[in-house]
Amino acid sequence: LRLIRLTDAEMELNFSLLTDRLLADLSDPWDSNAMRLLGRNLWVSVRDRLQAGPVLDWDDRDLYWARLTVKSRLRATASAAGLAAFETASRGFEDVQFPDSEAFRVLVTGFDPFHLDEHLDQSNPSGLAALALDGRFLQTARGTARVEAAVFPVRFADFDKGMVEDFFEPRL
């Protein structure tokens, strides 16, 4: 078996269509709540499409490229707060919700693809795992586990600002 990847043209078409569809629903780029909803819609769209497809077709680059495309298109018209709300929501940060149940809670994090400026075909298995497991209930020897997930950037500046601590602290 080998991992089948979309060609660059297919990938570009997929994330461009996704981006166009998401932006068509955006009411006001200055509204942080609208930007947060845009980010959540991106996260859910990519996650659901990935989880519905065959494992060999899984790819996390759609999430990455669509996020960059949206931010690029809206940088001149959206507020800094709106872009920040979009960024966190599009990473699944605000989608982490454990329902009140007796299921064990499992929080999985992954990362964006590394070195895409050099290798456009490169994915990140940790980002794929996070998207594939998000929202799932898994049966274990100790009972049912509920998995929630998020994907971190691979920018040192975000880590220096405490992104990891800000994400995990309220959930511990």
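First, a word on scope: everything that follows refers to the structure included in this document. (Residues numbered from 1 in each chain as written. Predicted model: local features only at pLDDT ≥ 70, side-chain atom pairs only at ≥ 80, totals over all residues. Heavy atoms only, no water.)

**Comments concerning the overall build of the chain**
This is how the line gets drawn: Secondary structure follows DSSP: runs of H or I at least 4 residues long count as helices, runs of E at least 2 residues long count as strands, and numbering of each begins at the N terminus. Think of it in three bands: residues with accessible area under 20% of the maximum for their type are buried, residues over 50% are exposed, and the middle band is partly exposed, with areas taken using a 1.4 Å probe on protein chains only. Any two residues whose heavy atoms approach within 4.5 Å at even a single point are treated as in contact. Computed by Shrake-Rupley with a 1.4 Å probe, the accessible areas treat only the displayed protein chains as cover when residues are assessed.
Secondary structure assignment for the chain yields seven helices and three strands. Starting at the N terminus and ending at the C terminus, the chain contains elements arranged as α-α-α-α-β-α-β-β-α-α. A burial count over the chain gives 42% of its 172 residues as buried. In the chain, the share of contacts with a sequence separation of at least 24, taken over all contacts with a separation of at least 6, comes to 70%. Per element, the accessible surface of the chain, about 9700 Å² overall, is 56% carbon and sulfur.

**Details of the sheet that holds strand S3 (residues 143–152)**
Heads up, the condition is: A strand pair is defined by DSSP finding two or more bridges across the two strands. For every element, the axis is a line fit to its C-alpha atoms; helices are fit only across the contacting stretch, and the angle between N-to-C directions ranges from 0 to 180 degrees.
In spatial order, the strands read S1-S3-S2; together these three strands make up an open sheet with mixed pairing. For this open sheet the edge positions go to strand S1 (104–111) and strand S2 (137–140), each flanked by a neighbour on one side alone. Going from strand to strand, the sheet's axes swing by 35° on average, the running direction of each strand aside. Against the sheet, helix H5 (residues 125–133) contacts S1, S2 and S3, and its axis sits at roughly 145° relative to S1.

**A word on helix H4 (residues 80–89)**
Within the sequence span of H4, burial applies to Gly 82, Leu 83, Ala 85, Phe 86, Glu 87 and Ala 89. Against the buried residues of H4 lie helix H2 (32–52) and helix H3 (61–74).

**A look at the pattern of salt bridges**
What counts is decided by this rule: Whenever Lys or Arg places a side-chain nitrogen within 4 Å of a carboxyl oxygen from Asp or Glu, that contact is recorded as a salt bridge.
What the rule picks out here adds up to 13 salt bridges. For Glu 87, the salt bridge is made with Lys 71, and the minimal N-O distance between the two is 2.7 Å. One end of the pair, Glu 87, is in helix H4; the other, Lys 71, is in helix H3, and 16 residues separate them in sequence. Each of the two residues, Glu 87 as well as Lys 71, counts as buried. A salt bridge links Asp 112 to Arg 91; the shortest N-O distance between them is 2.8 Å. On the criterion of sequence distance, the pair formed by Asp 112 in the loop between S1 and H5 and Arg 91 in the loop between H4 and S1 is long-range, its members being 21 residues apart. Overall, the relative accessible area of 1% leaves Arg 91 in the buried class. Residues participating in the shared-partner salt-bridge network are Arg 67, Lys 71, Glu 87, Arg 91, Asp 112, Arg 155 and Asp 158.

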